[in-house]
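Remarks on the overall topology
Here are the chains, one letter per residue:
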Amino acid sequence: MRISMVSEHASPLAALGGVDAGGQNVHVAALSTALSRRGHHVTVYTRRDAADLPARVRIMPRLEVVHVDAGPAKHVPKDELLPFMGKLADGIAKDWGSRRPDVVHGHFWMSGLASLDAARRGDSGLHVPMVQTFHALGTVKRRHQGSQDTSPAEREWLEPYVGRAADRIIATCSDEVFELKAMGINTGKISIAPCGVDLDLFSATGDSEARPRTYRILSVGRLVPRKGVDLVIQALPLLRAAGFDDVELLIVGGEGDAAVTGADPEGSRLMALAEELGVANQVSLRGQLPREVMPGILRSADAVVCTPWYEPFGIVPLEAMACGVPVVAAAVGGLRDTVVDRKTGLHVPPKDPEAIAAAVAELLGAPGLRSDLGKAGEKRARSRYSWDRVAAESEKAYQQAMAGNAASRELEHMKGAAL
Ligand code: UDP
């Protein structure tokens, strides 16, 4: 198949951990790589966000990234990119020329708009089959972030429009299917394919970083309030009261080393909270780290704590599981599918520092339980979440979209013949 991926803000080539660079970048890069390994030709279209980027970058024999001129050639926050989606569609359609792909796969609602726009151009009147992965939904974001949500107002009607117009939707977890249904989208065209984890990189064997205290708990991700790292800081005094005073909370993420130098507002807010609670000496901010060092850091932790307010999928818990480390996970969104309570980690209610402290204390106090959960997590990640498996699921969705398109073409043809 010739597959076009559209990922307007999340380039597969970007460094991870910044405000707008996280799971979607990993997802697009790994899915595209796995599809090209399966023999498909994949082109990823993303917005040029720096002047010196080459027009095309070949990553491997059947995989390339195309930087499309759409808006200023510099970083623009993802919520401000809507005005440039027409230009992105222009660039994609131009690059396709008369050789259009078999399927176009939009990532995030704005890329969905550009994909639909490009897919519907062309003289023949036939559209390129379009598959959509939302990664995050505005309805969920608004519910949790309220007035803090910086999404443009148009998202309220354009996102459901993308859902209705797409030939097929890939939801990354079962929770998302309910959300899509509530948006009025026909669930008959939704497939579920989770995110995967790079099992060559993330595994239970290998070095682990030395740690300064008896225990280490770890938080990894973009430094944004909704990731709930403050809740883990609030759990530290409670852990102390429970007898676990020699615990380090290592926080990885943020833009470059801004969190370390004090230039990251969320990093500073977290450290101020730690000071206020008298636990600053237990908290280390490490800043953004490259993927290659992440497995050694994950393996150094007794538990990885993921307690976001909400989570469309959450790749970090999978990475922890693949490294054989138990996860304390808020029972929200994708984390309810990936982390199995009392099998691969412990679920806690969202926004509940007491429950986080209790779960971490239980793990720190029971090395046998930690080891059992870690082993089961590794097994689960290996058996269900390889990118090859996710690529095979996505392939099925592409075939369904293409078959649906062929059927509607046939219907149009029959209608034409009957007139
Ligand atoms: N990540 C990284 N370096 C960092 C912070 C995060 O490589 O400093 C990676 C992390 O390992 C994971 C991704 O960024 O692969 C975050 O994905 P997730 O789905 O957990 O969160 P999202 O960013 O999509 O909300």
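This section reports on the structure supplied with the text. (Residues numbered from 1 in each chain as written. Predicted model: local features only at pLDDT ≥ 70, side-chain atom pairs only at ≥ 80, totals over all residues. Heavy atoms only, no water.)

Along the chain, the position of Ala93 falls in helix α2 (residues 85-96). Given the relative accessible area of 17%, Ala93 is considered buried. Sequence separation between Ala93 and Arg216 is 123 residues, and the spatial gap between their C-alpha atoms is 50 Å. Dropping the residues within four chain positions of it, Ala93 is found in contact with Ala118 and Arg121. (Helix = DSSP H or I, 4+ residues; strand = E, 2+ residues; numbered from the N terminus. Buried < 20%, exposed > 50% of the residue type's maximum accessible area, 1.4 Å probe, protein only. Contact = heavy atoms within 4.5 Å.)

Close to the ligand lie 20 residues; Gly23, Arg222, Lys227, Leu289 and Glu319 are nearest. Here Lys227 contributes a side-chain N or O atom positioned 2.6 Å from an oxygen atom of the ligand. Between the ligand and Leu289, the relevant distance is 2.8 Å, taken from a nitrogen atom to a main-chain nitrogen or oxygen of the residue. Starting from 550 Å² of accessible surface for the ligand in isolation, the protein chains cover 95%. Secondary-structure elements contributing two or more residues to the shell around the ligand are α1 (23-37) and α11 (315-322). Among the elements that line the shell around the ligand, the one with the most residues is α11, at 3 residues. Of the residues belonging to the shell around the ligand, the class tally is 8 nonpolar, 6 polar and 6 charged. (Near = heavy atom within 4 Å. Polar contact = N/O pair within 3.5 Å; in protein donor to acceptor, adjacent residues only side chain to side chain. Areas by Shrake-Rupley, 256 points an atom, 1.4 Å probe, with all protein chains shown as cover. Nonpolar A, V, L, I, M, F, W, Y, C, P; charged D, E, K, R; others polar.)

On the secondary structure map, Lys189 appears in the loop between α6 (174-182) and β8 (190-192). One buried charge, Lys189, has no salt-bridge partner; the nearest side chain with opposite charge is Asp167, at 7.1 Å. Within the local environment of Lys189, its side chain forms a polar contact with the backbone oxygen of Gly163, the two atoms lying 2.8 Å apart. Only 2.7 Å separates the side chain of Lys189 from the backbone oxygen of Arg164, close enough to count as a polar contact. Aside from chain neighbours lying at most four places away, what touches Lys189 is Gly163, Arg164, Ala165, Ala166, Asp167, Arg168 and Ile169. (Lys, Arg positive; Asp, Glu negative; His and termini not counted. Salt bridge = Lys/Arg side-chain N within 4 Å of Asp/Glu carboxyl O.)

An ideal rise of 1.5 Å per residue puts 16 Å on 12 residues; α2 measures up with 16 Å between its terminal C-alpha atoms. Of the residues making up α2, those classed as buried are Met85, Leu88, Ala89, Ile92, Ala93 and Trp96. Axial view of α2: buried residues confined to an arc of 130 degrees, hence all on one face. Residues of α2 that are buried sit in contact with β1 (2-6), β2 (41-47), β4 (63-68), β5 (103-107) and α3 (109-119). Following α2 by one or two positions, Gly97 adopts a phi angle in the positive range, close to 55 degrees. (Expected span 1.5 Å × (residues − 1). Arc of directions from axis to C-beta.)

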